[in-house]
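So you can see what is in the structure, the chains are spelled out below.
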Amino acid sequence: MFLVNYPEIKDEANLPVFVRGIGIGCNQESLARPSALYPQILYSTKGIGLITVDGTTYEIPEKTGVFLNKDVEYLYRPKGNVWTVNWVSFDFGIAEMGEQLFLGQRFLLTSYKHPEKLDLIFKGIYNSLTMDSVYGNMKASAELYGFLIEYNRQIAEIPEVTEKSNRVINRIIEFINEHYSEEISLEMLCDAAGGLSEQYLCRLFKQHIGMRPIEYILKKRIGIARSYLEKTDLPINDIAQITGFNNTSYFYRNFKKFTGTSPLSYRQTALGIKSSGESSAALFSGKW
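Below, the structure is looked at part by part. Here the structure is a predicted model, which is why all the values come from computation and not from measurement.

Describing unusual backbone geometry
Then step 1. Despite not being glycine, Asp54 has its phi angle at roughly 55 degrees, a positive value.
Then step 2. When you line up the elements, Asp54 lands in the loop between strand 4 (40-53) and strand 5 (56-60).
Then step 3. Residue class for Asp54 comes out exposed when judged on its relative accessible area of 59%.
Then step 4. Its identity as a non-glycine residue notwithstanding, Asp71 has a phi of 75 degrees, on the positive side.
Then step 5. Within the fold, Asp71 resides in the loop between strand 6 (64-68) and strand 7 (74-92).
Then step 6. Take Asp71: its relative accessible area is 54%, and that puts it in the exposed class.

Points about the pairing of strand 5
Then step 1. Sheet analysis places strand 4 next to strand 5, joined by five bridges and oriented antiparallel. Residue pairing for strand 5: Val53 is matched across the bridge by Thr56.
Then step 2. Here strand 4 folds back onto strand 5, and the loop between the two strands holds two residues, one of which, Asp54, carries a positive phi near 55 degrees.

Observations concerning the pattern of salt bridges
Then step 1. If you walk through the whole model with that rule in mind, you get two salt bridges.
Then step 2. Asp91 serves as the salt-bridge partner of Arg20, at 3.3 Å between the closest nitrogen and oxygen. One end of the pair, Arg20, is in strand 2 (residues 17-27); the other, Asp91, is in strand 7, with 71 residues separating them in the sequence.
Then step 3. A relative accessible area of 15% places Asp91 in the buried class.
Then step 4. Lys79 is paired through a salt bridge with Glu59; the nearest N and O atoms lie 2.3 Å apart. Of this pair, Lys79 sits in strand 7 while Glu59 sits in strand 5, and the two are 20 residues apart along the sequence.
Then step 5. Residue Glu59 is classed as partly exposed on the basis of its relative accessible area, which comes to 39%.

Overview of the nonpolar core
Then step 1. Core analysis: the largest hydrophobic core is formed by 23 residues, its most contacted members being Ile41, Val88, Phe90, Leu144 and Phe147.
Then step 2. Counting residues per element, the ones that place at least two in this core are strand 2, strand 4, strand 7, helix 2 (115-131) and helix 3 (136-155).
Then step 3. Counting 20 residues, the second largest nonpolar core, distinct from the first, contains Ile169, Ile173, Ile176 and Tyr200.

What to know about helix 7 (residues 213-231)
Then step 1. Under the 1.5 Å per step criterion, the end-to-end length of helix 7 is 27 Å for 19 residues, consistent within 8% with the ideal 27 Å.
Then step 2. Taken as a whole, helix 7 has its buried residues at Pro213, Tyr216, Ile217, Leu218, Lys219, Arg221, Ile222, Ile224, Ala225, Arg226 and Leu229.

Let's talk about the packing of helix 7 against helix 9 (residues 248-259)
Then step 1. Two elements in contact, helix 7 and helix 9, have axes whose closest approach is 10 Å; the angle formed by their N-to-C orientations is 95 degrees. With respect to their mutual orientation, helix 7 and helix 9 come out roughly perpendicular. Along the contact surface, helix 7 presents Glu215, Leu218, Lys219, Ile222, Ala225, Arg226 and Leu229, while helix 9 presents Tyr250, Phe251, Asn254, Phe255, Phe258 and Thr259.
Then step 2. A breakdown of the residues in the contact of helix 7 with helix 9 according to their chemical character gives eight nonpolar, two polar and three charged.

Rules behind the numbers
- Residues numbered from 1 in each chain as written.
- Predicted model: local features only at pLDDT ≥ 70, side-chain atom pairs only at ≥ 80, totals over all residues.
- Heavy atoms only, no water.
- Helix = DSSP H or I, 4+ residues; strand = E, 2+ residues; numbered from the N terminus.
- Buried < 20%, exposed > 50% of the residue type's maximum accessible area, 1.4 Å probe, protein only.
- Pairing = 2+ DSSP bridges.
- Salt bridge = Lys/Arg side-chain N within 4 Å of Asp/Glu carboxyl O.
- Core = buried A, V, L, I, M, F, W, Y, C linked by side-chain atoms within 4.5 Å.
- Expected span 1.5 Å × (residues − 1).
- Axes fitted to C-alpha atoms, helices over the stretch in contact; angles between N-to-C directions.
- Parallel < 35°, antiparallel > 145°, perpendicular 65-115°, else oblique.
- Contact = heavy atoms within 4.5 Å.
- Nonpolar A, V, L, I, M, F, W, Y, C, P; charged D, E, K, R; others polar.

Structural data, given as structure tokens:
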């Protein structure tokens, strides 16, 4: 026996994510779509399925799931007589949410260590939709959100996803290294990364580097400024300009923030000149 529900969408459309449809124990037959209307997750509970995406065919054995983003062309078909699946389709009231949750993926195969937990979640979503005519859709969407957060944790550990994220971060860092002396906006970094949203870029950068992109740019500039102070006699105002600080007071403020001392005191210490009023411990307390 299979269960299917396509809820009527009302106020749920204002939620970060909401359920468009759900199926449990469905005997999946051949299905071809030129473009998926909504993102969906499907996982095989019995038998083996085949899916063709971008001209490549993949097997979907038991305990294996598929994520398909919207607008992806695909073809499903069973391999053998029986292929039973659970599936859920959904949409986002916040456009950037999908990119955040699925790390910019269009299509992804995943295996599940505990598919029984998925069964409970799917049944919970279905029961919420069918047993509460007033708040069921809201409750189901909340349960779906929790499921997608956990799903996101799993796909973040998949080697090909990690590799893709590393490539994106490397492109961003390369762009910063080449343009640190210029004005750099988040929009420019998003373009350099291949068109990511600002919110997702900051999240990904924080995950890999441990700080936001703007903080990384500041530290990069301060690090280069320190080198100029140590090895040249260029005026401090010129060093500020060279390292991308068009406002000298902004340069002084950030230099003190990251090094614990002023540019002048740092230069005096680097040249072996004793700086009055500041201990050597204080001068280097902010090294990074």
